[in-house]
Amino acid sequence: MLPCLLLLYMAVAGVFAIAMPNIPTPATIQSREDTPRYVTAHFMVGIVENYTISDWKEDMQLAKEIGIDAFALNCAKIDSYTPTQLANAYAAANETGFKVFISFDFAYWTNGDTAEITSYMQKYSAHPAQFQYNGAALVSTFVGDSFNWTPVKAATSHPIFAVPNMQDPNAATYATTGIDGVFSWYAWPTDGGNSIISGPMTTIWDDRFIKALGDKVYMAPVSPWFSTHFNTKNWVFICEEQITVRWEQMLTMKPGLVEIISWNDYGESHYIGPYSAHHSDDGSAQWAKGFPHDAWRIISKPYIAAYKAGATTPVVDSDKLVYWYRPTPKGVACTKDPLGAPNGIEMLSDSIFVTTLLTTPGTLTVTSGSKGPVSVDVPAGIVTTNFSMGVGGQKFELTRGGAVVLGGAGGLEVNDQCDFYNFNVYVGSF
Ligand SMILES: *[C@@H]1O[C@H](CO)[C@@H](O)[C@H](O)[C@H]1NC(C)=O
Ligand SMILES: *[C@@H]1O[C@H](CO)[C@@H](O)[C@H](O)[C@H]1NC(C)=O
Ligand SMILES: *[C@@H]1O[C@H](CO)[C@@H](O)[C@H](O)[C@H]1NC(C)=O
């Protein structure tokens, strides 16, 4: 890792590091030990056309509460409200003591948009709410792999730190586009593209990026789930216990930056923010409304703290139980759905997932529908356990020495009938 000052110098002067050769390394998780370390979260500006500053502040306050440092503001060129909502986000962050940065969505921006991108960077890079990394304004993207940041840097008075998304890890070794790091979108088990493979999530893509990046910064993706059901995209990724699996990987990998995917992308079912009252519905209400994910923030918080502290184990200061499960077993045919079942569901298990966050060991008992109660001994710390899914109500109980510590009924019954396919999960807690 280059000292911070040298990185800053490179950003200011607009020179870029010479591509590093691939260094052979053992087949274990690549560890970076980068400092400082920050956690950001992907925020879809495209669904908050009518957000007020106070709506923004509500989200930012919740994110800040669990240790998230900044929102990556995913925005499209085509949305007329992008300038207004960026202004609202920066103003709200400034009032909340929170940070933001722009993540240009290159599904809508092109390599020819240098002037407009430069003007956004000129406007916001020195804003008090702009997220700075090593003294330079962070900027990121969704795809946009070959966009050239050098002219943007040259024409912006405040230094810029460009961490775009790249799909090909090797491209990072020979990029001459002024990048300071790379953000990976391989947040779920895949062989590339959008291929669906069995879980659990490994660090195979992270390892490739880290090797390719040399001294440049890696922004690793952390995502708890993926299921989408639009007519243009209809698939799941296999990431059932992923929230704890992935955070454990981060505690070993220690990349300089983490981006949680996502805060509010209801369409792909990976939000950890609230189902906000004032977002606009792109059709995802069919699977996201009534499916809270808030309790995933209970799990995220101690992991974020551990990641930032460089600790290998999260600290639990009070007993909690977080559960999640789908509304139907995967084999149930939904009768009114014109799209058909999402691709990949055959690789999912019919399970109920429980993460226990315990100060001392306990006994976890889950009664799933008509199945009999199943008890397992769980250690202190953060542990995820799965149970075979039964149709009906779901019951959770944590006991110690025979006394009930916490528990109750799950917020949703598992059903063996459905109108529309829904492979999102209901997330609750005690
Ligand atoms: C940021 O907040 C401070 C303190 O409230 C205020 O003085 C300043 O004008 C704000 N800056 C911007 C650019 O909104
Ligand atoms: C936003 O507000 C405008 C004006 O009230 C309204 O016409 C529009 O439909 C709203 N957009 C969404 C997505 O709710
Ligand atoms: C359920 O737990 C078992 C035992 O830890 C594990 O091997 C399996 O992969 C888990 N299933 C899922 C779908 O995560």
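Nothing here was measured: the structure is a model prediction, and the numbers come from that model.

A.B. asks: Before we go on, may I ask you to explain the environment of Ala76 in this structure?
C.D. replies: Along the chain, Ala76 falls in the loop between strand 2 (70–75) and helix 3 (82–96). Each C-alpha atom, one on Ala76 and one on Gly46, is 6.9 Å from the other, the two residues being 30 residues apart in sequence. When near neighbours in sequence (up to four residues on either side) are disregarded, Ala76 contacts Thr82, Tyr108 and Trp109.

A.B. asks: What is the right way to read the sheet that holds strand 14 (residues 362–368) from this model?
C.D. replies: The strands making up a sheet associate through hydrogen bonds between their backbones, and the pairing can be parallel or antiparallel. Overall, antiparallel pairing links the four strands, which are arranged 15-14-17-18 in an open sheet. Looking at the sheet topology across the chains shown, the edges are occupied by strand 15 (374–378) and strand 18 (403–409). On average, each strand axis in the sheet is inclined to that of its neighbour by 20°, with strand direction left out of account. Judged from the five bridges that link them, strand 14 and strand 15 form a sheet pairing that is antiparallel. Its bridge partner lying in strand 15, Gly362 is registered against Val378.

A.B. asks: In this structure, what is going on with unusual backbone geometry? I would like to understand it.
C.D. replies: Apart from glycine, the bulk of residues carry a negative phi angle, and the bulk of peptide bonds sit in the trans form. Residue Pro200 is reached from Gly199 by a cis peptide bond, and omega for that bond is -5°. Turning to its location among the elements, Pro200 is positioned in the loop between strand 7 (181–183) and helix 7 (204–213). A cis amide bond, omega 10°, links Ile261 with the succeeding residue Ser262. Following the sequence through the fold, Ser262 ends up in the loop between strand 11 (257–260) and helix 9 (285–288). One non-glycine residue with positive phi stands out, namely Val143, at about 45°. Looking at the element boundaries, Val143 is found in the loop between strand 5 (136–142) and helix 5 (150–154). For Val143, a relative accessible area of 17% puts it in the buried group. Even without a glycine there, the phi angle at Lys254 is positive, about 50°. Inspection of the secondary structure puts Lys254 in the loop between helix 8 (242–253) and strand 11. Overall, Lys254 belongs to the buried group, its relative accessible area being 8%.

A.B. asks: Just checking my understanding: could you explain the site of ligand 1 for this structure?
C.D. replies: Taken together, Asn94, His127 and Pro128 make up all the residues around ligand 1. Here an oxygen atom of ligand 1 sits 2.3 Å away from a polar atom, N or O, in the side chain of Asn94. Across the complex, the protein chains shield 30% of the 360 Å² of accessible surface that ligand 1 would expose by itself.

A.B. asks: Would you mind going over the site of ligand 3 with me for this structure?
C.D. replies: Around ligand 3, the surrounding shell consists of Glu240, Glu241, Ser349 and Asn386. In this structure, Glu241 approaches ligand 3 through a side-chain N or O atom, which is 3.5 Å from an oxygen atom. Within the side chain of Asn386, a nitrogen or oxygen atom sits 2.4 Å from an oxygen atom of ligand 3. Considering ligand 3 on its own, with 360 Å² of exposed area, one finds that the protein chains cover 38% of that surface.

A.B. asks: Would you mind going over empty space enclosed by the protein with me for this structure?
C.D. replies: Left-over empty space is what a probe sized like a water molecule reveals as it rolls over the atoms. For the coordinates displayed, the defined rule picks out two cavities of 30 Å³ or more. Counted as a void, the second largest cavity has a volume near 40 Å³.

A.B. asks: Would you mind going over the pattern of salt bridges with me for this structure?
C.D. replies: Note that side chains of opposite charge can pair when their charged atoms are close. Within this structure, the stated rule accounts for eleven salt bridges. Where Glu95 meets Lys57, a salt bridge forms, and the shortest distance between an N and an O atom there is 2.8 Å. With Glu95 in helix 3 and Lys57 in helix 2 (residues 53–65), this residue pair connects regions lying 38 residues apart in the sequence. Judged by relative accessible area, Lys57 falls into the partly exposed class, the value being 29%. Among the salt bridges present, the one from Asp180 reaches Lys153, with a minimum N-O distance of 2.7 Å. A residue pair is termed long-range when its members are at least 10 positions apart, and Asp180 in the loop between helix 6 (171–174) and strand 7 and Lys153 in helix 5 qualify at 27 residues.

A.B. asks: Help me understand the state of the cysteines in this model?
C.D. replies: One way to say it: the disulfide is the covalent bond shared by the sulfur atoms of two cysteines. Applying the stated criterion to the full structure yields one disulfide. Each sulfur in the disulfide pair Cys334 and Cys418 lies 2.0 Å from the other. Between Cys334 and Cys418, the S-S dihedral sits near -85°, and the bridge is therefore left-handed. A residue pair is termed long-range when its members are at least 10 positions apart, and Cys334 in the loop between strand 12 (320–325) and strand 13 (351–358) and Cys418 in the loop between strand 18 and strand 19 (426–429) qualify at 84 residues. Exposure class is identical for Cys334 and Cys418. Each is buried. Unpaired in this structure, Cys239 has its nearest cysteine sulfur neighbour in Cys334, at a distance of 19 Å.

Cut-offs used in this document
Residues numbered from 1 in each chain as written. Chains lettered and ligands numbered in written order. Predicted model: local features only at pLDDT ≥ 70, side-chain atom pairs only at ≥ 80, totals over all residues. Heavy atoms only, no water. Helix = DSSP H or I, 4+ residues; strand = E, 2+ residues; numbered from the N terminus. Contact = heavy atoms within 4.5 Å. Pairing = 2+ DSSP bridges. Axes fitted to C-alpha atoms, helices over the stretch in contact; angles between N-to-C directions. Buried < 20%, exposed > 50% of the residue type's maximum accessible area, 1.4 Å probe, protein only. Near = heavy atom within 4 Å. Polar contact = N/O pair within 3.5 Å; in protein donor to acceptor, adjacent residues only side chain to side chain. Areas by Shrake-Rupley, 256 points an atom, 1.4 Å probe, with all protein chains shown as cover. 1 Å grid on protein atoms, 1.4 Å probe; cavity = no way out; pocket = protein on both sides within 12 Å on 5 of 7 lines; lining within 4 Å. Points joined across faces, edges and corners; volume = space filled by probe spheres on them. Salt bridge = Lys/Arg side-chain N within 4 Å of Asp/Glu carboxyl O. Disulfide = S-S within 2.5 Å.

That's the geometry; what it means functionally is another story.
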